[in-house]
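In case you want the letters, here they are:
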2 protein chains.
Amino acid sequence: MSTAQSKNITPRARDFAAWYQDVVLQGDMAEPAEVVKGCMVIKPNGYAVWERLQSELDRRFKATGHKNVYFPLFIPESFLRREAEHVEGFAPELAVVTIAGGKKLEEPYVVRPTSETIVGHFFARWIQSWRDLPLLMNQWANVVRWELRTRMFLRTTEFLWQEGHTAHANEEEAREEALRMLEVYAEVAEQVMAMPVIRGVKTGAEKFAGAQRSYCIEAMMQNGLALQAGTSHELGQNFGKAFDVKYQSKEGTLEYVWQTSWGVSTRLIGGLIMTHSDDKGLVLPPKLAPTKAVIVPIYRKEDEKDSVVGAANRVAADLNAKDIAAEVDAREGYNPGHKFFHWEQRGVPVTIELGPRDLAAGAAVVKRRDLGVKQSHPLDSLPEVISALLESMQSEMLEIARARLKENTVTASTLNEVSEILSTATAEKGGGKFVMAHIKDDPTCDAKVKEFRASVRCVPLTDHYDGPGKCIITGETVPHRSVIAKAY
Amino acid sequence: MSTAQSKNITPRARDFAAWYQDVVLQGDMAEPAEVVKGCMVIKPNGYAVWERLQSELDRRFKATGHKNVYFPLFIPESFLRREAEHVEGFAPELAVVTIAGGKKLEEPYVVRPTSETIVGHFFARWIQSWRDLPLLMNQWANVVRWELRTRMFLRTTEFLWQEGHTAHANEEEAREEALRMLEVYAEVAEQVMAMPVIRGVKTGAEKFAGAQRSYCIEAMMQNGLALQAGTSHELGQNFGKAFDVKYQSKEGTLEYVWQTSWGVSTRLIGGLIMTHSDDKGLVLPPKLAPTKAVIVPIYRKEDEKDSVVGAANRVAADLNAKDIAAEVDAREGYNPGHKFFHWEQRGVPVTIELGPRDLAAGAAVVKRRDLGVKQSHPLDSLPEVISALLESMQSEMLEIARARLKENTVTASTLNEVSEILSTATAEKGGGKFVMAHIKDDPTCDAKVKEFRASVRCVPLTDHYDGPGKCIITGETVPHRSVIAKAY
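Residues numbered from 1 in each chain as written. Chains lettered and ligands numbered in written order. Predicted model: local features only at pLDDT ≥ 70, side-chain atom pairs only at ≥ 80, totals over all residues. Heavy atoms only, no water.

Moving on, we get to the relation of the copies chain B and chain A. For the pair chain B and chain A, the superposition axis carries a translation of 0.0 Å, the fit reaches an RMSD of 0.0 Å, and the rotation angle comes to 180 degrees. Expressed as an axis order, the relation between the two copies is that of a two-fold axis. The C-alpha atom lying nearest the rotation axis in chain B is that of B:Val97; the distance is 2.1 Å. Comparing interface residues between copies, 98% of those in chain B also lie at the interface in chain A; the contact surface is shared. (Least-squares fit on C-alpha atoms with pLDDT ≥ 70 in both. Contact = heavy atoms within 4.5 Å.)

Structure (structure tokens):
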């Protein structure tokens, strides 16, 4: 049996989790690495999507003045203990190297779960004067967090990400930076991934371990669950103090720097899949699809083959010449139905059917992956037709996801109401909701919401539902509603 | 004190190792991470060079049909033991994770030193039929080998690399693949890095642990030492048998696959530095330089500043419009001499001096990094002049390195002669040699050469010095001369 074997996908309505796993596997995106706990292998289609995401992000990081660097994978265990909240947050999830080169290490190394500590150590070496600020760095790396419950892309013990690390002379500049990078994330999510997000502030209970304030982008999956898709942190002077990162100000005084850190990971791909894919498999927004169009030549008799495959190759060449990555599926031994099924499951935005009769008419049948509609077009119009189609598909996918987010966002005025909405409209039934409610940023309020197996996702920074109102738990007045939802 | 502080570089003739370290540090390429044994931080200039190398390599991997994927960082310890030579080669250098998530692991994980074993495990899952072959994959990743003596870029406990892994239906196709990728490496070394290499076959004693045959590219550093810059291995059926990777042939029989693996790493950057840099610091071939030209505006009086900086910005814009990455160094508080020194140390191929008198004459003084020659050119000719200059610089750097390789390659007919050449022309004196001698591929011969603190680098695949001759140790006839040299 060939790896090209096909398998049907569990419908979303029957079992959303099984559907997700099927889409990931059949879409050639990833596969669980059962022999390494909680890890996955990222397969060709998945890695190609990641490369496109990297390139979109990296371009924007560079345009905002950041330089890429690379810090060691290993961090001395003692480094983590220097920032009290940080070690408390990460200690339970660490993978620890205790033996190296055949000997027990005097001080164990942890495999980085994130790099604020080792970055702090080097920032202290590199920063002396106000002239060295702001220091704007980013690294593309793998990190390890020993999670109990894992799911491909969404939560794996090892994952790929980027982590930005910056140091600034004052709190205002650090805040501007954290918000600037949050906006970069939101832009890539919406304009590239066609995944609408809410830009928000995390509660104190939900913020990054060691941060002063965490910003996030939250997306809504097709089942109504929330996914934290990216975070950007104001670290304040916490790591500056822990690692003694000081600079001489213009006035000659010694000051601790103000830092930020921000990251997105391969988790984005999980969000991408759960935002757009359908019961036939993967659906990719054109901007992230490694191959935009596949042409399937159709013929019954051997003597039709040459002319049809020849024409298919010419169509592919025309498309590639217009920067529309196209391929011909001329594999022997698979029927056209199988081929369409294959490319549909892999999320290719456009498939083109080209048979002897089409060829005689100088046309081909173009099918758009998301809507499933077919239409015949003259062969020489294909580059223009498909270019326009890919643009519509990109913007319509965002609109559909936006409409879904809007439709499944409701308000609540009491804790009972929140509880009722979250328990009736369960995610399993495909009806999870974002509940907008006034709630105080206080650990006891977060804990109360956790009782419904939900969490306070964030207080939106923009697009507020309305102004001040009374906290549904304490009754105190808070300035805006928060998003409460079940989440991945 | 700012990080922009300058430090002179130890001359090569005085201490080559100290010179190398100074060039790496002052060139903003990397810095030792003393708190993590044998690791380094790759700094902005070094990482930007790595990104360019990655892009040149990755483009060629894709053009030859390879798909990028990502395998887990951790490998079950038992996997390594399945291939006897492989575990023997790598066991002494492993970093081992024994604790994760607060618990002792039942089976420890090693941090990958290379991925043949875990790849073998997955290839067995993915390959069933001849239709699945060839399977052509590559991954960009970090690996860890616990080395005792480390040196930035050349040998670090953690390093960045790519590793290609492929499976084929027969030995011939596997051999073609291994040689094809060796040629990709040689092309990038010569045409992009301007670093001439010898394409060769390793001896049995020097081959990759677990390979049937290893090919390599060997480069000569300025001190005459050899550097293994890339390797490509025919793995035969060794890992196929260890991991039970079988396919059904067209004839219906079950066969083990034939595999290859091949890799280059951040070590290339060490080779790049030791091939081209000089006593003033880094010299980068234009194709790898992140910034091709820096314009330094020169003015004494405040009223000259606006016009000079304005003109410098226009020159930069003209260059960037022609895809020549250019920057203006308009930093305050640093004199022009300091700025030239700064950019020279960082290997910027071209610096442009622009003062009020140049501006009045409609000209600027252009300095080429490698030769140090200065020449005045009309402002409006700069894009063409500099474009041509970068091209000459790229090809002349290769020619100079080729001449050096030729000049320092000698022949020897006896073991005594080899010993004498290697002991008098020591690398410390900047006169290491490649000694071409007939020597049998036999571990006892390798061992004999090791007595001179040298090694048999390879038997060249092309550009043989001559035909068959008698082994300088056993007297047996061997088909070609090998390269014997001291090496990093």
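Once you've had a look at it, read on.
Of the residues lining the interface, 61 residues belong to chain B; the matching set on chain A comes to 60 residues. Between chain B and chain A, roughly 5000 Å² of surface is buried when both sides are summed, and carbon and sulfur atoms account for 61% of that area. Together, B:Val35, B:Tyr70 and B:Trp126 form the three largest contributors to the area buried by chain B at its contact with chain A, with a combined 12%. Run the count over chain B and chain A and you get six salt bridges. The salt bridge involving A:Lys62 is made with B:Glu51; its shortest N-O contact spans 3.1 Å. Put simply, chain B and chain A have 28 residue pairs in polar contact (both at pLDDT 80 or more) between them. Ranked by residues supplied to the side of chain B that touches chain A, first place goes to strand S5 (residues 95-100) of chain B with six residues. Grouping the constituent residues of the side of chain B that touches chain A by class yields 38 nonpolar, 10 polar and 13 charged. (Buried area = accessible area lost by both parts, 1.4 Å probe. Salt bridge = Lys/Arg side-chain N within 4 Å of Asp/Glu carboxyl O. Polar contact = N/O pair within 3.5 Å; in protein donor to acceptor, adjacent residues only side chain to side chain. Helix = DSSP H or I, 4+ residues; strand = E, 2+ residues; numbered from the N terminus. Nonpolar A, V, L, I, M, F, W, Y, C, P; charged D, E, K, R; others polar.)

Moving on, we get to the packing of aromatic side chains. Applying the stated rule across the entire model yields 32 aromatic pairs over all chains. Aromatic pair B:Phe159 and B:Trp161: ring centres 5.9 Å apart, planes at 90 degrees, arrangement edge-to-face. Exposure remark for B:Phe159: the relative accessible area of 13% places this residue in the buried category. One aromatic cluster is present, built from ring pairs that chain together A:Trp50, A:Phe61, A:Trp140, A:Tyr185 and A:Trp262. Above the plane of the ring of B:Tyr334 lies B:Arg331, whose end atom (NZ or CZ) is 4.6 Å from the centre. (Phe/Tyr/Trp six-rings, centres within 6.5 Å; stacked < 30°, edge-to-face > 60°. Buried < 20%, exposed > 50% of the residue type's maximum accessible area, 1.4 Å probe, protein only. Lys NZ or Arg CZ within 6 Å of the ring centre and 35° of its normal.)

Residue and element names in this part refer to chain A. With respect to the helices and strands, the residue Gln259 is situated in strand S14 (residues 258-265). Among the polar contacts listed, one links the side chain of Gln259 to the backbone nitrogen of Gly240, at a separation of 3.3 Å. If we skip the residues at most four places from it in the chain, Gln259 touches Phe123, Thr166, Ala167, Ala174, His233, Glu234, Leu235, Gly236, Phe239, Gly240 and Val245.

Residues and elements named next belong to chain A. Two elements in contact, helix H1 (residues 16-26) and helix H8 (residues 267-276), have axes separated by 11 Å at closest approach and are oriented at 115 degrees. Relative to H8, the element H1 lies roughly perpendicular. Handedness of the crossing formed by H1 with H8: right-handed. Counting all contacts with H1, which are made through Phe16, Trp19, Tyr20, Val23 and Val24, the residues of H8 involved are Gly270, Ile273 and Met274. Class assignment of the residues belonging to the contact of H1 with H8 gives a composition of seven nonpolar, one polar and no charged. (Axes fitted to C-alpha atoms, helices over the stretch in contact; angles between N-to-C directions. Parallel < 35°, antiparallel > 145°, perpendicular 65-115°, else oblique. Left-handed = near helix turned anticlockwise from the far one by under 90°.)

This part is about helix H1 (residues 16-26) of chain B. Residues and elements named next belong to chain B. All buried positions along H1 are accounted for by Phe16, Trp19, Tyr20, Asp22, Val23, Val24 and Gln26. On its buried face, H1 sits against strand S1 (30-32), helix H8 (267-276) and helix H10 (336-345). Directly after H1, the chain includes Asp28, whose backbone phi takes a positive value near 55 degrees.

All names here are of chain A. Spatial strand order, S3-S7-S8-S14-S11-S10-S9-S22-S25-S21-S20: 11 strands in an open sheet with mixed pairing. One side of each edge strand has no neighbouring strand; the edge strands of this open sheet are strand S3 (67-68) and strand S20 (409-411). Bridge count for strand S7 (residues 135-144) against strand S8 (residues 158-168) is 10 bridges, and the pairing is antiparallel. Bridging from a neighbouring strand, Val143 pairs with Phe159 of S8. The strands touched by H8 are strand S10 (213-220), strand S11 (226-236) and S14; relative to S11, the strand with the most contacts, the crossing angle is about 145 degrees. (Pairing = 2+ DSSP bridges.)

Position of A:Glu51 among the secondary structure elements: in helix H2 (residues 44-63). Only 2.6 Å separates the side chain of A:Glu51 from the side chain of B:Asn68, close enough to count as a polar contact. Contacts of A:Glu51, omitting those with residues within four sequence positions, involve B:Asp58, B:Lys62 and B:Asn68.

Turning our eyes to something else, we now look at the pattern of salt bridges. Considering all chains together, one arrives at 79 salt bridges over all chains under this definition. Two residues, B:Asp28 and B:Lys43, come together in a salt bridge whose shortest N-O distance is 3.3 Å. With B:Asp28 in the loop between H1 and S1 and B:Lys43 in the loop between strand S2 (40-42) and helix H2 (44-63), this residue pair connects regions lying 15 residues apart in the sequence. Its salt-bridge partner being B:Asp244, residue B:Lys246 comes within 3.4 Å of it at the nearest N-O pair. For B:Lys246, a relative accessible area of 28% corresponds to the partly exposed category. Connected through salt bridges with shared partners, the residues A:Asp28, A:Glu31, A:Glu34, A:Lys43 and B:Arg125 form a single ionic network.

What follows covers the pairing of strand S6 (residues 103-111) of chain B. All names here are of chain B. Note that strand S4 (residues 74-76) and S6 share three bridges and pair antiparallel. For Phe74, the partnering residue across the bridge sits in S6 and is Val111. Hairpin geometry of S5 and S6 is characterised by an intervening segment of two residues between the two adjacent antiparallel strands and by a positive phi of about 60 degrees at Gly101.

Residue and element names in this part refer to chain A. Within the secondary structure, Leu359 sits in helix H11 (residues 356-361). For Leu359, a relative accessible area of 22% puts it in the partly exposed group. Residues Leu359 and Ile9, spaced 350 residues apart in sequence, show a C-alpha to C-alpha distance of 33 Å. Ignoring any residue separated from it by four or fewer positions in sequence, one finds Leu359 in contact with Ser307, Val308, Ala311, Leu354 and Leu379.

That bond from A:Leu133 to A:Pro134 is cis: its omega, -5 degrees, falls within 30 degrees of zero. Summarising the element assignment, A:Pro134 is placed in the loop between helix H5 (116-126) and S7. Unlike most non-glycine residues, B:Asp28 shows phi in positive territory, near 55 degrees. Positive phi values are uncommon outside glycine, yet B:Ala194 reaches one of about 55 degrees. Looking at the secondary structure, you find B:Ala194 in the loop between helix H6 (171-192) and strand S9 (197-201). A residue is classified by how much of its surface remains accessible, and B:Ala194, at 0% relative accessible area, is buried.

Counting 86 residues, the largest nonpolar core has A:Phe74, A:Val111, B:Phe74 and B:Val111 as the members making the most contacts within it. With residues near it in sequence (within four places) discarded, B:Phe74 still touches A:Val36, A:Ala95, A:Val111, A:Val144, A:Trp146, B:Val97, B:Tyr109, B:Val110, B:Val111 and B:Ile118. (Core = buried A, V, L, I, M, F, W, Y, C linked by side-chain atoms within 4.5 Å.)

Turning next to the sheet that holds strand S15 (residues 293-297) of chain A. All names here are of chain A. Ordered by their spatial adjacency, five strands build an open sheet running S16-S15-S17-S18-S19, and the pairing between neighbours is mixed. Of all strands in the sheet, those with a lone pairing partner are strand S16 (326-328) and strand S19 (374-378), marking the two edges. Across the sheet, the mean angle separating the axes of adjacent strands is 25 degrees when strand polarity is ignored. Sheet topology note: the S15/strand S17 (residues 350-354) ladder contains five bridges and is parallel. Looking at the pairing, Val296 lines up with Glu353 of S17. Each of S15, S16 and S17 touches helix H9 (residues 302-321); the most contacted strand, S15, lies at about 170 degrees to it. Across the sheet, helix H12 (residues 382-407) lies against S17, strand S18 (363-368) and S19, angled at about 10 degrees from S18, the strand it touches most.

Here we take up the environment of B:Asp380. Residue and element names in this part refer to chain B. Along the chain, Asp380 turns up in the loop between strand S19 (374-378) and helix H12 (382-407). Look at Asp380 and you get exposed, because its relative accessible area is 66%. With 190 residues separating them along the chain, Asp380 and Glu190 place their C-alpha atoms 33 Å apart.

The next thing to look at is the environment of B:Arg453. All names here are of chain B. Looking at where Arg453 falls in the secondary structure, it is placed in the loop between helix H14 (443-450) and strand S22 (455-460). A relative accessible area of 69% places Arg453 in the exposed class. Between the C-alpha atoms of Arg453 and Leu268, which are 185 residues apart in sequence, the distance is 23 Å.

Residue and element names in this part refer to chain A. In terms of burial, H8 is largely enclosed, as 10 of its 10 residues are buried. When we look at burial in H8, the residues that qualify are Arg267, Leu268, Ile269, Gly270, Gly271, Leu272, Ile273, Met274, Thr275 and His276. In the core, the buried residues of H8 are packed alongside H1, H2, S10, S11, S14 and H12.

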